[in-house]
Amino acid sequence: MRTTQPKTIRLSEYTVPAHLVDTVDLRFELFDDGARVHSTLSVRHNPDSAETAAPLTLDGDSLKLERVALNGKDLAAGEYEETGEQLIIAGVPDRFELTVVTWIEPQNNTRLEGLYKSSGMFCTQCEAEGFRCITYFPDRPDVMARYRTRIEADKASCPVLLSNGNAVERGDLENGRHFVTWEDPFPKPSYLFGLVAGDLVEQRDSFTTGSGRDIDLRIYVEPRNAEKCDHALASLKRAMRWDEENYGREYDLDIFMIVAVDDFNMGAMENKGLNIFNSSCVLASQDTATDLAFERIESIVAHEYFHNWSGNRVTCRDWFQLSLKEGFTVFRDSTFSADMGSPTVKRIEDATLLRTAQFAEDAGPMAHPVRPAAYMEISNFYTLTIYEKGAEVVRMIHTLLGPELFRKGSDLYFERHDGQAVTTDDFVKAMEDASGRDLSQYRLWYEQAGTPQLTVSDSHDSEQGVYRLTIEQTIPDTPGQTDKKPQHIPFALGLLGANGEALPLIQDGSSDAESAPLEQVLELTEARHTFEFHGLPGRPVPSLLRHFSAPVRVIYPWSRDQLVFLMSHDPDGFNRWDAGQRLAVDVIQSLVGASEGTEIEPRLVEAYRALLGDSTLDQALVAKMLQLPSEAYLIELADSPDVAAIHHAREQVLQHLATSLREELIACYHRNSVAGNYELTPESIARRSLRNTALSWLLVINDETGRDLAVQQFQEADNMTDRMGALRALVNSDYAAERSKALEEFYAHFQDDPQVVEQWFSVQASSDRAGQLPQVNALLEHPAFDWKNPNKIRSVVGVFAGQNLAAFHNPDGSGYAFLADKVCRLDDSNPQIAARLVTPLTRWKKFAPAYGSLMRESLEQIRDKSGLSADLYEVVHKSLGS
Ligand SMILES: [Zn+2]
């Protein structure tokens with residue numbers, strides 16, 4: 001906690017560490033009232049450092065130092081300096097052994113950084129700077145060492161003792177205690193250190209690598225969760241195989257472990273050989289997890305596993321390079337998920353997240369490049385820009401190079417940098433060297449913040465048969481960055497003829513219709529380009545930015561006729577969906593602020609009718625196409641949005657569609673109700689999705705048939721997707737009695753399962769019917785709510801502010817005051833979570849003044865809190881522009 005301004009750390013001031021650590025020998029004595037950590041480091045001066053006489057400087061946070069010794073000799077109080085954040089020892093020899101003993105209190109650690117306790121279990125979270133809460137250490141990723149870790153604890157309460165690497169020794173000690181020693185042969189930065197001690201059961205499996213090595217796979221959970229590990233284990237094996245086949249990467253230790261922890265700030269953590277997961281990102285069963293949760297678990301298990309190479313074997317030099325491991329690994333897990341299910345649907349999901357949330361971040365006060373130039377608190381930079389935009393930046397290299405050269409580049413990258421801590425520039429360089437392509441302009445994607453905007457215009461000369469497409473690129477100003485240079489953008493394009501046929505793209509006189517491609521990736525490098533396509537007597541309909549080939553905004557004056565046409569004819573599934581979204585956005589926007597009774601576009605109704613009746617289309621795509629653009633996306637698209645007006649317009653369209661298509665919705669519901677066992681195939685997931693969408697629409701218009709179907713489905717469901725689909729539909733209807741009854745029954749049935757209770761909280765907090773402020777406050781008083789558990793906080797406070805937009809943006813400002821109050825409360829116990837929850841308020845400048853000024857007031861209230869954490873200080877001051 002601090003009252004002064006936290007320090008700004010800049011990439012330009014990076015220097016190599018003055019000292020390196022070769023080995024780390026740790027001994028943890030774990031007790032109920034604390035833990036003693038003995039650490040012995042073999043330290044040497046870094047030959048690459050010019051500071052030959054530099055003192056040894058170690059980071060530390062909330063540590064009680066008990067002993068410090070150099071080459072076995074205890075140092076007296078005057079021989080070292082403790083500043084509160086550092087331990088400094090001057091006049092050290094070139095090579096020496098340092099022993100540090102610290103006392104910490106995991107049981108009182110509510111920040112959940114470093115070593116802490118969750119449901120009686122000891123566990124760690126060291127990324128980014130948690131290791132310094134355990135012992136004094138050069139806590140920066142470019143110091144890589146080999147770790148040996150001995151854990152000692154009470155055998156009855158902590159029968160399982162885990163750390164990184166392979167277990168090499170175990171035995172009993174006096175007083176009912178025991179120990180296990182782990183050795184990790186691979187050098188790693190301190191942020192990848194992991195430790196778990198507790199009463200856990202294991203689920204085992206095994207995997208044989210391509211080269212024939214047998215790997216022992218284990219998931220450790222609390223005994224009550226023993227039945228919920230199968231999906232994660234199966235996902236892990238699929239990910240291991242996929243990484244061998246697609247990147248030639250094999251696993252390198254004899255054992256791979258996953259531990260589920262209830263209290264966790266993040267989703268999961270890729271500690272070498274010992275991944276620690278938030279329970280909600282690993283535990284699943286048919287009865288307790290929705291299809292969405294199953295898919296999410298598969299992708300997170302894969303993501304953390306993939307880090308073994310992209311992150312652990314090759315790691316980041318400093319935290320400005322965070323996207324080196326995260327962007328690349330998100331790209332890898334996203335491609336994996338596409339391969340496991342529907343590539344088009346996965347692309348739609350990724351693009352939706354980018355366009356709704358990352359674009360908003362990129363246009364807000366915390367906007368930063370994929371490789372930031374400065375930060376105050378690194379935990380504030382675990383953002384959509386680093387992860388999702390970072391993944392797009394890797395994806396575009398894949399698009400520009402093609403799959404073969406990209407693979408050559410990734411092979412070279414892993415080979416060249418194995419065991420090193422490197423930069424995003426090293427990654428791009430490997431891609432350049434392997435492909436022979438010049439990516440110097442491309443590097444601007446890492447340096448410039450803000451979402452590029454492409455304004456497209458076209459003309460057609462029917463006499464010459466020439467179609468001209470002009471694309472202009474601009475990149476908006478962001479905090480600290482103006483006058484940006486044009487970026488290198490791959491722009492995938494197709495042209496459609498009057499009957500929906502794909503037209504050959506003949507760009508100059510030399511190629512003929514036979515050899516011309518039907519789709520092309522244009523490379524934009526200038527502020528303005530004009531492309532000419534020949535041999536086109538009729539005016540084509542352009543299909544722009546296919547597959548969302550770059551994370552950019554496209555402005556083009558589509559007519560509604562063109563959008564309806566693309567919705568049913570574009571051979572690119574992504575653009576088919578996108579045309580539907582654009583049409584719906586256009587219709588909703590035209591109703592915002594319009595007088596009551598304004599006609600709703602009949603072509604939208606007919607397009608949706610056609611979708612509902614078309615069983616030849618990929619049903620997973622249909623399920624996506626039926627979903628109207630979210631309020632969050634509509635807000636993102638609007639200048640100075642009036643949230644209440646947008647909410648009202650969207651509701652009008654939804655009600656009009658549901659009323660007009662009632663018969664089709666009921667037919668769709670029944671057509672997709674298939675008897676038989678629950679299956680997790682893309683086809684059955686699509687069916688459940690369609691059926692639940694149909695149900696939710698029927699309940700929006702308070703249809704009695706819909707109500708009866710929902711009640712029946714709620715009672716009879718044999719899986720959580722259908723049970724939750726019915727519950728959500730009832731909660732969002734005006735059938736108050738049915739809603740209360742279903743909520744009560746659901747809670748009574750699942751109250752002992754924390755992950756399901758989190759879903760129960762979310763479904764209410766996100767509902768504009770059941771989640772108004774008094775009801776949300778009542779949820780916070782519920783016995784199952786826990787201020788120490790990040791998942792519970794996110795499922796009520798986070799969901800209310802992030803998903804229940806009409807209630808959060810109540811014009812009286814009560815939603816903002818509520819969030820400010822909760823953020824201040826949390827800042828004292830868990831500043832990382834507080835700084836993340838405040839995000840919706842930071843966008844105050846975006847909104848219509850009536851909203852913005854109230855949001856600002858709430859931010860100022862947070863700013864004036866005494867003892868503001870560095871985490872919150874940075875976010876609040878940057879968003880207030882102070
Ligand atoms: Zn990651």
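The structure reproduced in this document is the subject of the present report. (Residues numbered from 1 in each chain as written. Predicted model: local features only at pLDDT ≥ 70, side-chain atom pairs only at ≥ 80, totals over all residues. Heavy atoms only, no water.)

Scanning the protein from terminus to terminus reveals 28 helices and 31 strands. Taken over the C-alpha trace, the protein has a radius of gyration of 28 Å; the compact-globule value for 882 residues is 29 Å, and the two agree within 12%. Based on the C-alpha atoms only, the size of the protein along its principal axes is roughly 90 × 70 × 60 Å. The 882 residues of the protein split such that 60% are buried. Put simply, 70% of the contacts in the protein that link residues at least 6 apart link residues at least 24 apart. Surface exposure of the protein reaches about 33200 Å², of which carbon and sulfur atoms provide 48%. Both charge centroids of the protein, one from 86 positive and one from 133 negative side chains, sit 2 Å from each other. (Helix = DSSP H or I, 4+ residues; strand = E, 2+ residues; numbered from the N terminus. Rg over C-alpha atoms; globule rule 2.2 N^0.38 Å. Buried < 20%, exposed > 50% of the residue type's maximum accessible area, 1.4 Å probe, protein only. Contact = heavy atoms within 4.5 Å. Areas by Shrake-Rupley, 256 points an atom, 1.4 Å probe, with all protein chains shown as cover. Lys, Arg positive; Asp, Glu negative; His and termini not counted. Charge placed at Lys NZ, Arg CZ, Asp CG, Glu CD.)

Attention shifts here to the sheet that holds strand S4 (residues 56–59). Across the sheet, three strands lie side by side as S4-S8-S7; this open sheet has antiparallel pairing. With partners counted over all chains shown, the strands left at the sheet margins are S4 and strand S7 (81–82), one partner each. Across two bridges, S7 lies against strand S8 (residues 86–89) in antiparallel orientation. Looking at S8, one finds that glutamate 82 is bridged to leucine 87. (Pairing = 2+ DSSP bridges.)

This part is about the side chain of aspartate 184. Topologically, aspartate 184 is positioned in strand S15 (residues 177–188). A polar atom in the side chain of aspartate 184 sits 3.1 Å from the backbone nitrogen of phenylalanine 186. Among residues more than four places away in sequence, those in contact with aspartate 184 are Arg146, Tyr147, Asn164, Gly165, Leu253 and Lys272. (Polar contact = N/O pair within 3.5 Å; in protein donor to acceptor, adjacent residues only side chain to side chain.)

A few words now on helix H11 (residues 602–613). Taking 1.5 Å as the rise per residue, H11 with twelve residues should run 16 Å; its terminal C-alpha atoms sit 17 Å apart, in good agreement. Taken together, the buried positions of H11 are Leu604, Val605, Ala607, Tyr608, Leu611 and Leu612. The arc that holds every buried residue of H11, seen down its axis, measures 165°, which confines them to one face. (Expected span 1.5 Å × (residues − 1). Arc of directions from axis to C-beta.)

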